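Observations on chain architecture
Now for the letters of each chain:
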Amino acid sequence: MAPRGIQNGMDKSRKSPPNCACAIPVPGESMKILLSTPHQGFYPATGSHDFYTGIRSLGHEVEVFFYRKKSFFYSNFRKSWVRWMNRRLAEKCITENFDLLFVYRDGYIQAETIAEIRRKSACRTVCFYPDNPYGSTAAGISFDQIGAYDLFLTMDTYFFREFDLFGFGNVAFTSDAYDPSTYEKEFTEAELAPYRSDVAFIGSYYGFREVFFSGLTDEGVDFKIWGPQWRRARDPWIRERATDGGVYGDEKLKIIKASKIVLDIQSGGGHIETCDDKTMSFIGGGAFFLTNHKKNMDLVFKVGEEIETFQSKKELQEKIR
């Protein structure tokens, strides 16, 4: 999906897209692409896997390279493993004739590795960063790493303006999207029945989420919370409604499609002014989606027509009713 209004959104921050060295492919031209992503979370119906299937659907050849992958060596000799991984990544890009290195999120890939790839090969480098670059619920990324890429894509207009102010000519804002081949999959009523609820939330446990969700729905409303680490919740009201364990692939899609309302609560630790990836993908899956309001949502959606938002817990409770 190509989100509507992105060019207009860029115009609000800057008159023209940033000037970068990234080669623009000719429409219809097939490229050889190396997608680098963490091994953890590389499942259907996740951001990194959506890029994998989405890029392949455009006719490009895609190979996956994991810059983080749990193993005995990774767990016990982390620094040595990271050095080996960086050497291997540079070697692949330089010797195997890739047109593009597409990094999802980054983390352990060093700025020096990206610089070597750009210096010794024709491979262009792009990083799509779906979180807070400064770090919050997840570790951030250094300015050296940001500046190393031909193109660094941030999902939030706030960070775009920050980096533009700092002089990063390689940074651009783009909204997230969704992969139709994944999220538009259909299921039978029998397959959806175990996942039915009035209100659902899909996501990991954080303390602020426990506080916000506590007592959210009225008696008789079926509210289900799906995701890992919810055993940490202390509130009995939350514990009655929460599962404990990640939901992926078809199970995640069934929850999205079976729930009358799907909630999200986005913190400033991830996105300050714009939508997170759930907003795009869950709506792409057909969910009636309710999330807290972000001021630049109108770059993508007509708020009140294409998406419903709330600005307080009281307002959310009224809209659920």
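See the structure above.
Remember, predicted model here, so these are calculated numbers, not experimental data.

1. Brief notes about the nonpolar core
In terms of nonpolar packing, the biggest core is built from 56 residues, with L89, L101, I109 and F152 touching the most fellow members. The element contributing the most residues to this core is helix α4 (residues 78–95), with six residues. Residues within four places of L101 in sequence aside, it is in contact with L34, S36, L89, C93, I114, I117, C123, R124, T125 and V126. Of all hydrophobic cores here, the second largest spans 18 residues; its members include Y205, F212, W230 and I261.

2. Here we look at the side chain of T279
Position of T279 relative to the elements: it lies in helix α13 (residues 277–284). Relative accessible area serves as the criterion here: at 0%, T279 is assigned to the buried category. One polar contact links T279 to D276, side chain to side chain, over a distance of 3.0 Å. Dropping the residues within four chain positions of it, T279 is found in contact with Q266, F289, F301 and I307.

3. Some words on the sheet that holds strand β11 (residues 308–310)
Reading across from one edge, β8-β7-β9-β10-β11 is the order of the five strands in this open sheet, with parallel pairing throughout. If you trace the sheet from one side to the other, it starts and ends with β8 (223–226) and β11, each paired once. The mean angle between the axes of side-by-side strands here comes to 25°, regardless of whether they run parallel or antiparallel. Pairing between strand β7 (residues 197–202) and β8: four bridges, direction parallel. Residue pairing for β8: I202 is matched across the bridge by W226. Here helix α14 (residues 313–320) sits on the sheet in contact with β7, β9 (259–264), β10 (289–292) and β11, set at roughly 140° to β11.

The rules we used
- Residues numbered from 1 in each chain as written.
- Predicted model: local features only at pLDDT ≥ 70, side-chain atom pairs only at ≥ 80, totals over all residues.
- Heavy atoms only, no water.
- Core = buried A, V, L, I, M, F, W, Y, C linked by side-chain atoms within 4.5 Å.
- Buried < 20%, exposed > 50% of the residue type's maximum accessible area, 1.4 Å probe, protein only.
- Helix = DSSP H or I, 4+ residues; strand = E, 2+ residues; numbered from the N terminus.
- Contact = heavy atoms within 4.5 Å.
- Polar contact = N/O pair within 3.5 Å; in protein donor to acceptor, adjacent residues only side chain to side chain.
- Pairing = 2+ DSSP bridges.
- Axes fitted to C-alpha atoms, helices over the stretch in contact; angles between N-to-C directions.

Don't take any of this as a statement about function, it's just geometry.
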